[in-house]
Amino acid sequence: MAKVISIVNQKGGVGKTTTAVNLTASLGAAGKRVLLIDMDPQGNSTSGFGVNKRQTERTSYEVLTGGCPMKEAIRATDYRGVALCPANMNLAGAEIEIIDAPQRERLLKNALVPVRADYDFILLDCPPSLGLITLNALSASDTFLVPIQCEYYALEGLSQLMTTVRQIKRKYNPLLELEGVLLTMYDGRLNLTRQVVEEVKKFFPGKVYASVIPRNVRLSEAPGFGQPVLYYDGASNGAKAYDALAEEFLRKQA
């Protein structure tokens with residue numbers, strides 16, 4: 001039975017999709033069966049695996065709005081161990097369409113039931129907001145992973161995220177737990193980076209991954225070629241960092 005993990009931070013530009021794509025690829029390369037569900041209308045996780053989001057007919061939008069079952073929206077990728085449920089801009093209208101649906105916060109959770117046995121991990125790439133799509137993702141998840149960039153406003157908005165999580169635990173998903181916190185855009189030469197690391201560790205004691213994701217040109221280039229960095233340039237620092245994260249992530253599952 002797959003463990004379901006939301007990758008979430010309502011602040012944009014923190015490396016959320018980069019983490020979704022590259023952690024998925026590294027887990028797949030490590031021999032795990034992984035499904036990545038793109039829950040962001042921008043569809044960047046979709047294009048990050050080389051799938052043309054403009055030519056996808058069955059997506060997470062159709063799954064949420066009842067247009068097709070999850071099994072029909074999932075597609076194979078060219079990468080070991082990785083399956084994908086894509087997204088495109090249609091998903092932006094889903095929140096309005098499902099607002100009056102019965103048990104609207106459980107639509108994704110219910111959709112996942114028939115496929116959970118097919119995978120070791122299901123990762124959900126959430127949009128940079130705390131709306132109904134993110135509510136569905138967190139209600140369907142066992143845990144959530146928070147990427148945080150090592151910059152001045154790193155902790156801005158995180159108290160709002162944790163307040164939302166507490167509400168979701170109380171109302172919809174009492175078993176939801178924090179998987180871990182990932183530091184991205186890391187540059188150990190900067191005093192600011194070290195200060196941010198200290199602040200984040202105070203905010204999330206015992207939950208910050210030792211693996212950090214550096215600023216890396218190859219990591220930035222890879223999405224433009226529709227490839228995870230592991231396949232675009234496996235010798236790059238970005239690829240090594242996500243492989244290290246995958247190893248640390250798997251050790252914590254034991």
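As the structure is a computational prediction, the values presented were derived from the model and not from experiment.

Quick notes on the rules
- Numbers given to residues run from 1 along each chain, matching the order in which its sequence is written.
- Only residues with pLDDT of 70 or above have their local features reported here, since the model is predicted, and side-chain atom pairs are shown and tallied only from 80 upward, although totals for entire chains, interfaces and linings are computed over all residues.
- Side-chain numbers here rest on the full set of heavy atoms in the structure, without hydrogens or water.
- In these notes, a set of buried Ala, Val, Leu, Ile, Met, Phe, Trp, Tyr and Cys residues joined through side-chain atoms within 4.5 Å is what counts as a nonpolar core.
- The cut-offs for exposure are 20% and 50% of the maximum accessible area for each residue type, with area from a 1.4 Å probe on protein chains only; residues under the lower value are buried, those over the upper are exposed, and the others partly exposed.
- Helix and strand definitions follow DSSP, with helices as H or I runs of at least four residues and strands as E runs of at least two, each counted in order from the N terminus.
- A contact between two residues is defined here by any heavy atoms of the two lying within 4.5 Å.
- Helix span, as expected, comes to 1.5 Å for every residue beyond the first.
- Taking the helix axis as origin, the arc is that swept by the directions to the C-beta atoms.
- A pair of strands is labelled paired if DSSP reports no fewer than 2 bridges between them.
- Handedness of a crossover is defined as follows: with both strands directed away from the viewer, a clockwise route from the first strand across the helix to the second makes it right-handed.
- Between N-to-C directions, angles span 0 to 180 degrees; the directions come from axes that are lines fitted to C-alpha atoms, helices contributing only their stretch in contact.
- Only protein atoms enter the calculation, which uses a 1 Å grid: trapped sets of points that fit a 1.4 Å probe without letting it out are cavities, open sets showing protein on both sides within 12 Å along at least five of seven lines are pockets, and any residue with an atom within 4 Å of a point is a lining residue.
- Grid points are joined across faces, edges and corners, and a volume is the space filled by probe spheres set on the points.
- Residue type decides the class: Asp, Glu, Lys and Arg count as charged, Ala, Val, Leu, Ile, Met, Phe, Trp, Tyr, Cys and Pro as nonpolar, and the leftover types, Gly among them, as polar.

(A) Representation of the nonpolar core within the structure. Membership of the largest hydrophobic core comes to 53 residues, with the highest contact counts inside it found for I37, M70, L108, L112, I122, F144 and F204. Of the residues forming this core, the biggest block, six residues, is contributed by helix α7 (residues 132–140). If sequence neighbours within four positions are ignored, F144 has contacts with I5, S6, V8, L138, M162, V165, L176, E177, L178, E179 and G180. Of all hydrophobic cores here, the second largest spans 29 residues; its members include F121, V229, A239 and Y242.

(B) Seen up close, helix α9 (residues 191–203). Taking 1.5 Å of rise per residue, 13 residues should cover 18 Å, and α9 covers 19 Å from first to last C-alpha, within 8% of that figure. All of the buried residues along α9 are T193, V196, V197 and V200. The buried residues of α9 occupy one face: seen down the axis, they fall within an arc of 105°. Facing away from the buried side of α9 by over 90 degrees, the exposed positions are N191, E198 and K202. Against the buried residues of α9 lie β6 (143–149), β7 (177–186) and β8 (208–214).

(C) Local environment of unusual backbone geometry. Look at Q103: it is not a glycine, yet its phi comes out positive at around 45°. Residue placement: Q103 occurs in the loop between α5 (94–97) and α6 (107–112).

(D) Region of interest: the pairing of β8. Relative to β8, β7 is paired through three bridges, and the arrangement is parallel. Looking at β8, one finds that Y186 is bridged to P214. Each parallel crossover has a hand, and for β7 linked through α9 to β8 it is right-handed.

(E) Structural view of the pairing of β6. The element β6 is extensively covered by neighbouring structure, given that seven of its seven residues are classed as buried. In this sheet, β6 lies alongside strand β1 (residues 3–7) in parallel orientation, the contact comprising three bridges. Bridge pairing links I7 to L145 in β6. Of the pairings in the sheet, the one linking β6 to β7 comprises seven bridges and is parallel in character. Bridged to T143 within β7 is E177. Following the backbone out of β6, through helix α8 (residues 158–171) and into the adjacent parallel β7, one traces a crossover that is right-handed.

(F) Representation of the sheet that holds strand β5 (residues 121–125) within the structure. The eight strands are arranged β3-β4-β2-β5-β1-β6-β7-β8 in an open sheet whose pairing can be described as mixed. Edge positions in the sheet fall to β3 (75–76) and β8, since each has one partner strand and no second. Contacting β1, β2 (34–38), β4 (82–85), β5, β6 and β7, helix α1 (residues 16–29) runs over the sheet at an angle of about 165° to β5. Packing against the sheet, α8 makes contact with β6 and β7, and its axis sits at approximately 175° to β6.

(G) Inspection of the layout of surface pockets at higher detail. By volume, the largest pocket amounts to about 530 Å³. Around the largest pocket, the lining is made up of 29 residues, and of these G15, K16, T17, T18 and M185 lie nearest the centre. Going through the elements one at a time, α1, α2 (44–48), β7, β8 and α10 (217–221) are the ones with two or more residues in the lining of the largest pocket. Per-element accounting of the lining of the largest pocket gives the leading share, five residues, to α1. Taken together, the residues of the lining of the largest pocket break down into 12 nonpolar, 13 polar and four charged.

The values are spatial; any link to function lies outside them.
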